[in-house]
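Examining the three-dimensional arrangement
What follows is the residue order along each chain.
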Amino acid sequence: MQKNSKLFIYFICSVSAMGGLLFGYDWVVIGGAKPFYELYFSIANSPVMQGVAMTTALVGCLAGAMVAGVLADRYGRKPLLILSAVLFTVSAIGTGVFNDFTLFNIARFVGGVGIGVASALAPMYIAEVSPTEIRGRMVSLNQMTIVLGILGAQVVNMLLARDSSVAENMAWNVAWGWRWMFWAETVPAALFLVMSFFIPESPVYLKMRNEELEMRNVNFSFLFSHSSFRRVLLLGLVIAVFQQWCGTNVIFNYAQEIFTGAGFDVDGMFINIVITGIANVVFTFVALYTIEKWGRRTLMLIGAGMLGLIYLTLGTCYFSEVKGVMMVVLVVTAISVYAMTLGPVTWTLLAEIFPNSIRGVAMATCTFALWMGCCTLTFSFPSMNASLGSYGTFWIYSAICVCAFLFLFHRCPETKGKSLEELEKELIK
């Protein structure tokens, strides 16, 4: 590959991956704003309304993922990336502006649609424009920007949240602090919007258009028209849902409950959240190296197996009422394992295993399933935590990881070093 060509590939992949940056920021920023907007909207004693505020964006994710594949195959990948940038910008402004709880949730829903579209389109676009020898690393770049967005949200939340032990600072946090946490997203969202106009359309989409493969011939029912399509779709659905049901993402959305349950106050909670964010970034960098060296299958098995063991230990520690640093170490270890395995490799596999003719719809279907998994995980955690205790909840996540390990051991292929065309011949028989 010529140097200029390689630099151009890195450029367009980086721009596309900015959707991941906003996805990560928008998804996690609400965790830091949560203690303050709940007081502002007077929902601190209403678990139902708290659940609504936390899941509204996830419902938007489902809607965005549901339409992303159809629209991407009909109108192209680039216009959908531009649309997601617009949605992120509008949501970032609106969420902080509105004083009404209903309008706040509408703005969160709009941002969720942007996440759903970007999460389906960005890895697919990157896989379609990347050469085989660096495809895994390039798709993992999307996960890198996601974790950078997560870390960015965690740092912004920590910097904006003033010492809540002082009454005046707490008043500012409740009145303005949570708003600025959301408004800070406007800068990268606007940059993504501008830069997305300078990337080309996916060559795979252009080939499909030239061959007149219209979207009316490729829909959800078409995925079930061939046994091989059904097998590979089942694989994609399990991989997508498992990335969420493994439980790691509740650490980001419910960090307050997890760390306070481990004996930390609010200020200690913010510090520990940033620590987990740094570990997330560091080990995603590790994934950029190992994904082309160790392969996708190996990393998925390592992730499922190690998380099963870590969550078993974490649940046991909660049961034994262990407090302090030991709990932080276990949480950071779980985040680190997830960051170098299930986090990036899931998106890489989903972008690789489907044939060109159904990739848009299949990717959107699996992304929809992923966000449905995230929605059910996020909504169920408070109830599970209250009824089963933290120990019971993490033991359930451990059992899910063990079941996924067995499935992946028997069904997950190795896609490293194979072109998309080679994978299509191998997986669709």
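Keep in mind the model is a prediction, meaning the values are calculated, not measured.

Some words on the pattern of salt bridges
Counting across every chain of the model gives nine salt bridges. Linking E128 and R77 is a salt bridge whose minimum nitrogen-to-oxygen distance equals 2.8 Å. Taken together, the residues E128 in helix α4 (residues 101-129) and R77 in helix α3 (residues 77-97) connect sequence positions 51 residues apart. By relative accessible area, E128 is classed as buried at 7%.

Observations regarding the nonpolar core
Counting residues in hydrophobic clusters, the biggest one holds 116 residues, and the most contacted among them are W27, Y37, L121, L307, W371 and L408. L121 has contacts with A68, A72, R77, L80 and L81, leaving out every residue within four places of it along the chain. Counting six residues, the second-largest nonpolar core is a separate cluster that includes M144, V147, L151 and L288.

Considerations on a nonpolar patch on the surface
A cluster of nonpolar side chains, namely F8, F11, V194, F197 and F198, defines an oily patch on the protein surface of about 510 Å² accessible area. The residue F197 is located in the loop between α7 (186-195) and α8 (203-210) in this model.

Structural notes on the confidence of the model for the chain
Per-chain confidence: the chain averages 84 in pLDDT, with 89% of residues scoring 70 or above. Averaged pLDDT values for the elements of the chain fall to 64 in helix α11 (residues 255-261) and rise to 94 in helix α13 (residues 296-319). Within the model, pLDDT remains below 50 along residues 213-218, and this stretch shows 11 contacts once partners closer than five positions in the same chain are excluded.

Details of helix α14 (residues 325-340)
With 16 residues, α14 ought to run about 22 Å at 1.5 Å a step, and its terminal C-alpha atoms sit 23 Å apart, in line with that. Among all positions in α14, only M327, V328, L330, V331, V332, A334, I335, S336, V337, Y338, A339 and M340 are buried.

Overview of the environment of F101
One can find F101 in helix α4. Considered as a pair, F101 and Y37 are 64 residues apart in the sequence and their alpha carbons are 9.4 Å apart. If we ignore the near neighbours within four places in the chain, the residues touching F101 are F41, I43, M49 and A53.

Points about the packing of aromatic side chains
Going through the model one piece at a time under the given rule, you end up with 23 aromatic pairs. Consider the rings of W178 and F182, whose centres lie 6.3 Å apart with planes at 80°: the pair is edge-to-face. Here F182 and W178 lie together in helix α6 (residues 167-183), a separation of four residues that amounts to about one turn. Ring centres of Y318 and F394 lie 5.9 Å apart, and the angle between their planes is 10°; on these two criteria the pair is classed as stacked. Of this pair, Y318 sits in helix α13 while F394 sits in helix α16 (residues 359-411); the two residues are 76 residues apart in sequence, bridging distant segments of the chain. The exposure classification of Y318 matches that of F394, with both residues buried. Counting every residue linked through ring pairs, the aromatic cluster contains Y37, Y40, F41, F101, F104, W178 and F182. One residue, R297, lies across the ring of F409, its end atom 5.4 Å from the ring centre.

Comments concerning the packing of α3 against α4
As a packed pair, α3 and α4 sit with axes 8 Å apart at the nearest point and diverge in direction by 150°. As judged from the angle between their axes, α3 and α4 are roughly antiparallel. Our pair here, α3 against α4, has a crossing hand that is left-handed. Here the contact of α3 with α4 is built from residues that sort into 16 nonpolar, six polar and three charged.

Quick look at the state of the cysteines
Throughout the structure, instances matching the rule amount to zero disulfides. Lacking any disulfide linkage, C403 is separated from the closest cysteine sulfur, that of C401, by 9.4 Å.

Quick word on the packing of α14 against helix α15 (residues 342-352)
A pair of packed helices is captured by two measures, namely the crossing angle of their axes and the spacing between those axes. α15 packs onto α14 with a crossing angle of 25° between their chain directions and a minimal axis gap of 3 Å. In terms of orientation, α14 lies roughly parallel with respect to α15. Mapping the contact onto sequence places V337, Y338, A339 and M340 in α14 and L342, G343 and P344 in α15. By residue class, the composition of the contact of α14 with α15 is six nonpolar, one polar and no charged.

Examining the environment of T145
Here T145 lies in helix α5 (residues 135-160). Overall, the relative accessible area of 12% leaves T145 in the buried class. Put simply, T145 and Y25 are 120 residues apart on the chain and 9.5 Å apart in space, counted from C-alpha to C-alpha. Residues in contact with T145, not counting those within four places in the same chain, are A17, G20 and L21. Side-chain polar atoms of T145 contact the backbone oxygen of N142, separated by 2.7 Å.

Comments concerning the environment of L309
Here L309 shows up in helix α13. On the accessibility criterion, L309 (56% relative accessible area) is exposed. For the pair formed by L309 and A334, sequence separation is 25 residues and the distance between their alpha carbons is 9.6 Å.

So, how was this worked out
Residues numbered from 1 in each chain as written. Predicted model: local features only at pLDDT ≥ 70, side-chain atom pairs only at ≥ 80, totals over all residues. Heavy atoms only, no water. Salt bridge = Lys/Arg side-chain N within 4 Å of Asp/Glu carboxyl O. Helix = DSSP H or I, 4+ residues; strand = E, 2+ residues; numbered from the N terminus. Buried < 20%, exposed > 50% of the residue type's maximum accessible area, 1.4 Å probe, protein only. Core = buried A, V, L, I, M, F, W, Y, C linked by side-chain atoms within 4.5 Å. Contact = heavy atoms within 4.5 Å. Patch = residues over 30% accessible without salt bridge, like charges linked within 9 Å, V, L, I, M, F, W, Y side chains within 5 Å. Areas by Shrake-Rupley, 256 points an atom, 1.4 Å probe, with all protein chains shown as cover. pLDDT = per-residue confidence, 0-100. Expected span 1.5 Å × (residues − 1). Phe/Tyr/Trp six-rings, centres within 6.5 Å; stacked < 30°, edge-to-face > 60°. Lys NZ or Arg CZ within 6 Å of the ring centre and 35° of its normal. Axes fitted to C-alpha atoms, helices over the stretch in contact; angles between N-to-C directions. Parallel < 35°, antiparallel > 145°, perpendicular 65-115°, else oblique. Left-handed = near helix turned anticlockwise from the far one by under 90°. Nonpolar A, V, L, I, M, F, W, Y, C, P; charged D, E, K, R; others polar. Disulfide = S-S within 2.5 Å. Polar contact = N/O pair within 3.5 Å; in protein donor to acceptor, adjacent residues only side chain to side chain.

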